[in-house]
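# Coordinate inspection notes
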Amino acid sequence: MAYDKFTILESTAVPLPIENVDTDQIIPARFLKATKREGFGDNLFRDWRYNNDDTPKKDFILNNPGYAGKILVAGTNFGSGSSREHAAWALYDYGFRCVVSSFFADIFKGNAINIGILPVQVTPGFLEKIFLAIEADPSTKIAVNLPDQTITIVPSGLQEGFNINGYKKHNLLNGFDDIDYLQAMKDEIVSFAAARSI
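So, a few notes on the structure that sits alongside this text.

Rules and cut-offs
- Along every chain, residues carry numbers that run from 1 in the direction the sequence is written.
- Local features are withheld for residues below a pLDDT of 70 in this predicted model, meaning they are given only at 70 or higher, and side-chain atom pairs are given and counted only at 80 or more; totals for whole chains, interfaces and linings count all residues.
- Only hydrogens and water are removed before side-chain values are computed, so all heavy atoms of the structure are retained for them.
- By definition, two strands form a pair when at least two bridges between them are found by DSSP.
- Here a strand is any run of E in DSSP of at least two residues, a helix any run of H or I of at least four, and the numbering for each starts at the N terminus.
- For helices, the axis comes from a line fit to the C-alpha atoms of the stretch in contact; other axes are also lines fit to C-alpha atoms, and the angle between any two N-to-C directions lies between 0 and 180 degrees.
- Salt bridges are defined as contacts in which a side-chain nitrogen from Lys or Arg sits within 4 Å of a carboxyl oxygen from Asp or Glu.
- Throughout, exposure labels follow a simple rule: accessible area from a 1.4 Å probe, protein chains only, divided by the maximum for the residue type, with under 20% read as buried, over 50% as exposed, and the rest as partly exposed.

### Looking at the sheet that holds strand E5 (residues 141-145)
Across the sheet, which stays open at both edges, the 7 strands sit in the order E4-E3-E2-E1-E5-E6-E7 with mixed pairing between neighbours. On the outer flanks of this sheet lie strand E4 (118-121) and strand E7 (158-161), each paired with one strand and no other. Averaged over all pairs of adjacent strands, the angle between strand axes in this sheet comes to 25°, irrespective of strand direction. Sheet analysis places strand E3 (residues 98-101) next to E4, joined by 4 bridges and oriented parallel. Its bridge partner being in E4, Val99 is matched across the sheet by Pro119.

Dropping the structure here:
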């Protein structure tokens, strides 16, 4: 499998209420030399997380021990800028399995889904409710149900649906990337080709 199957995720969340977070902020260009997916999490939001002397910036959310979890809740227009896959790799390597926002850049959204991160697009109003719930209690859990395509603020029960392409949903549920999907259909492909051979 390309990555872990995604079905239902219930987790605390890390709030990042910043709009227009681009891929260079998610993973700066100077860290793009590697071609394997490992190790990028160390430099996730590098310039926001660390000072020039590599000491952590105390006011950045990822350096706050009060916030943790597998869900990143971000401001609108998350993942804009260049099309680098490394931005999604960095989020996954850090431990995030879901990003919630009211709008995603299309290329980032595709890159995220292809490696096992579910981008959940909600309405601006529901996003604000999530931020307020986490601000009131950092231990607030968010439940993301991919089969039912719902996201729920667990303590209050407030819920909203989200959309996802059927093919991409199938792949996430099975832990497939595009190649895994084709490999899973190998017998059908061979049979189809054999029936049409001359």
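### Topic: the pattern of salt bridges
One pass over the full model with this rule turns up 3 salt bridges. In this structure, the salt-bridge partner of Asp47 is Arg30, at a minimum N-O distance of 2.5 Å. Linking Asp47 in helix H2 (residues 46-49) with Arg30 in the loop between helix H1 (23-26) and H2, this pair joins segments that are 17 residues apart in sequence. By relative accessible area, Asp47 is classed as partly exposed at 38%. Asp54 is the partner of Arg46 in a salt bridge, and the nearest nitrogen-oxygen pair spans 2.5 Å.

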